[in-house]
Amino acid sequence: MSPVIGLTGGIGSGKTTVAEMFAELGAVVVDTDAIAHELTAARGVAMPTIIDAFGRAVLREDGSLDRDVMRRLCFSAPPTRKKLEAILHPLIRAESVARCRRAEHAPYVLLVVPLLIESGAYREHVDRILVVDCDEARQIARVMARSALSEQEIRGIMATQASRAERLAIADDVLSNTGARDELRTEILILHRRYREETRHRRD
Ligand code: ADP
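Throughout what follows, the structure given in this document is the object of discussion. (Residues numbered from 1 in each chain as written. Predicted model: local features only at pLDDT ≥ 70, side-chain atom pairs only at ≥ 80, totals over all residues. Heavy atoms only, no water.)

### What to know about the overall build of the chain
Condition: Strands are runs of DSSP state E lasting at least 2 residues, helices are runs of H or I lasting at least 4, and numbering of each runs from the N terminus. Atoms considered for the radius of gyration are the C-alpha atoms alone. The globule rule reads 2.2 Å times the number of residues to the power 0.38. Burial status follows relative accessibility: with a 1.4 Å probe on protein chains alone, a residue under 20% of its type maximum counts as buried, one over 50% as exposed, and anything between as partly exposed.
Along its length, the chain carries 10 helices and five strands. Over its C-alpha trace the chain gives a radius of gyration of 18 Å, about what one expects of a compact globule, namely 17 Å for 204 residues. With the C-alpha coordinates aligned to their principal axes, the bounding extent of the chain is approximately 55 × 35 × 30 Å. Here the chain holds 204 residues, and 42% of them are scored as buried.

### A look at the pattern of salt bridges
The test is simple: In what follows, salt bridge is the name for a side-chain nitrogen of Lys or Arg lying within 4 Å of a carboxyl oxygen of Asp or Glu.
Enumeration over the complete set of coordinates arrives at 16 salt bridges. Of the charged contacts, one joins R138 and D135 as a salt bridge, the two residues approaching to 2.5 Å between their closest N and O atoms. Several salt bridges converge on common partners, so that one network encompasses E38, E95, R99 and R102.

### Structural notes on the site of the ligand
As a reminder, the rule being used: One heavy atom within 4 Å of a molecule or strand makes the whole residue count as near it. Distance and chemistry together define a polar contact, namely a pair of N or O atoms within 3.5 Å, with one atom able to donate a hydrogen and the other to accept it when in protein, and with adjacent residues in sequence counting only for side-chain atoms on both sides. Three residue categories are used. Nonpolar comprises Ala, Val, Leu, Ile, Met, Phe, Trp, Tyr, Cys and Pro, charged comprises Asp, Glu, Lys and Arg, and polar comprises the others, including Gly.
Near the ligand lie 14 residues; those nearest to it are K15, T16, T17, R146 and N177. Between the ligand and R181, the relevant distance is 2.9 Å, taken from an oxygen atom to a side-chain nitrogen or oxygen of the residue. For the shell around the ligand, the secondary-structure elements that each account for two or more residues are α1 (15-24) and α7 (136-146). Broken down by element, the residue count for the shell around the ligand peaks at three residues, all from α1. Here the shell around the ligand is composed, by residue class, of two nonpolar, eight polar and four charged.

### Looking at the sheet that holds strand β2 (residues 28-31)
Cut-off, in case you're wondering: Two strands qualify as a pair provided that DSSP identifies no fewer than 2 bridges between them. Note on method: axes are straight lines fitted to C-alpha atoms, helices fitted across the in-contact stretch only, with angles between N-to-C directions ranging 0 to 180 degrees. By definition, residues are in contact when any of their heavy atoms lie within 4.5 Å.
Spatially, β2-β3-β1-β4-β5 is the arrangement adopted by the five strands of the open sheet, whose pairing is parallel. The open sheet is flanked by β2 and β5 (173-176), the only strands paired with a single partner. Each neighbouring strand pair of the sheet contributes to a mean axis angle of 25°, computed without reference to strand direction. Against the sheet, helix α10 (residues 181-203) touches β1 (4-8), β4 (128-133) and β5, its axis set at about 160° to β5.

### Quick notes on the packing of helix α3 (residues 47-54) against helix α5 (residues 78-102)
How we decide: The scheme is simple: roughly parallel for angles under 35 degrees, roughly antiparallel for over 145, roughly perpendicular for 65 to 115, oblique for anything else. The sense of a crossing depends on the near helix, which, turned anticlockwise from the far helix by less than a right angle, makes the crossing left-handed and, turned clockwise, makes it right-handed.
One can describe the packing of α3 onto α5 by two numbers: an axis separation of 10 Å at closest approach and a directional angle of 160°. By the criterion of interaxial angle, the relationship of α3 to α5 is roughly antiparallel. The interaxial crossing formed by α3 with α5 has right-handed handedness. Side by side, α3 and α5 meet where T49, I50, A53 and F54 of the first sit next to T80, K83, L84, I87 and L88 of the second. When grouped by side-chain class, the residues that make up the contact of α3 with α5 number six nonpolar, two polar and one charged.

### Thoughts on the packing of aromatic side chains
Selection rule: Centres within 6.5 Å make a pair out of two Phe, Tyr or Trp rings, where for Trp the six-membered ring is used; the pair is then stacked when the planes are under 30 degrees apart, edge-to-face when over 60, and tilted otherwise.
Counted under the stated rule, the structure contains two aromatic pairs. Taking the centre distance of 6.4 Å and the plane angle of 85° together, the rings of F22 and Y108 count as edge-to-face. Within this pair, whereas F22 is found in helix α1, its partner Y108 is found in the loop between α5 and β3 (109-112), the two being separated by 86 residues in sequence. Taking relative accessible area as the criterion, Y108 reaches 1% and is therefore assigned buried. In textbook terms, an aromatic cluster arises when at least three aromatic residues are bridged by ring pairs, as seen for F22, Y108 and Y195.

### Focus: the pairing of β4
Counting buried positions over the six residues of β4 gives five, a clear majority of the element. As defined by bridge partners, β1 adjoins β4 across four bridges and the pair is classed as parallel. The partner of G6 across the bridge, within β4, is I129. Relative to β5, β4 is paired through four bridges, and the arrangement is parallel. Opposite D133, over in β5, you have S176 as the bridge partner.

### Let's talk about the environment of L116
For L116, the position within the fold is in helix α6 (residues 116-119). Since its relative accessible area comes to 0%, L116 is described here as buried. Beyond its immediate sequence surroundings of up to four residues, L116 is in contact with G6, T8, Y122, R123, V126 and I129.

Pasting the structure below:
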């Protein structure tokens, strides 16, 4: 199996942006958020269980999961969040591991896991942990610019995530995303080459 690099970081830190830049360089990216969206799309694999657990009030008209409604339910009642996670997490994990396995000819796989530090469940599946780091003020400003979430809601989400210090303590590699996109791209190119070289040495 190819080495798996676990990419993580707080909300708005730049995980999606970083993953896109790695993909532009030809890296294989497996994104657990994208898998979660697929599972909860209309007729997604998780939907029958979700409807059994929460009723049709959490659906959009097209039959997909209404993520805003679900998020609000989870914040007002923590057991709801646990119940949703108990349905989704095992499905997301199984699908991510299967996709990483299928990429056996790639020099490495970038596995994007927002809650890699918090859940612990992915640790055994990753060879290195790459953290995208940025200050909280920037995280909040970026999320507010891209979504309808209020500062209070974003802070609420951040409070459920690991702190910046906790993430940095566990990181094998760190990408600082406090500057311009071009600076980030340069750092990513350096890491991409390094990951590729390390695999080549290992396979020789
Ligand atoms: P995450 O996936 O960690 O939540 P995103 O990659 O979606 O974060 O980034 C959050 C927002 O900030 C997006 O709208 C993205 O386009 C923007 N963004 C990310 N990095 C930068 C940067 N270096 N400069 C300017 N905007 C950025």
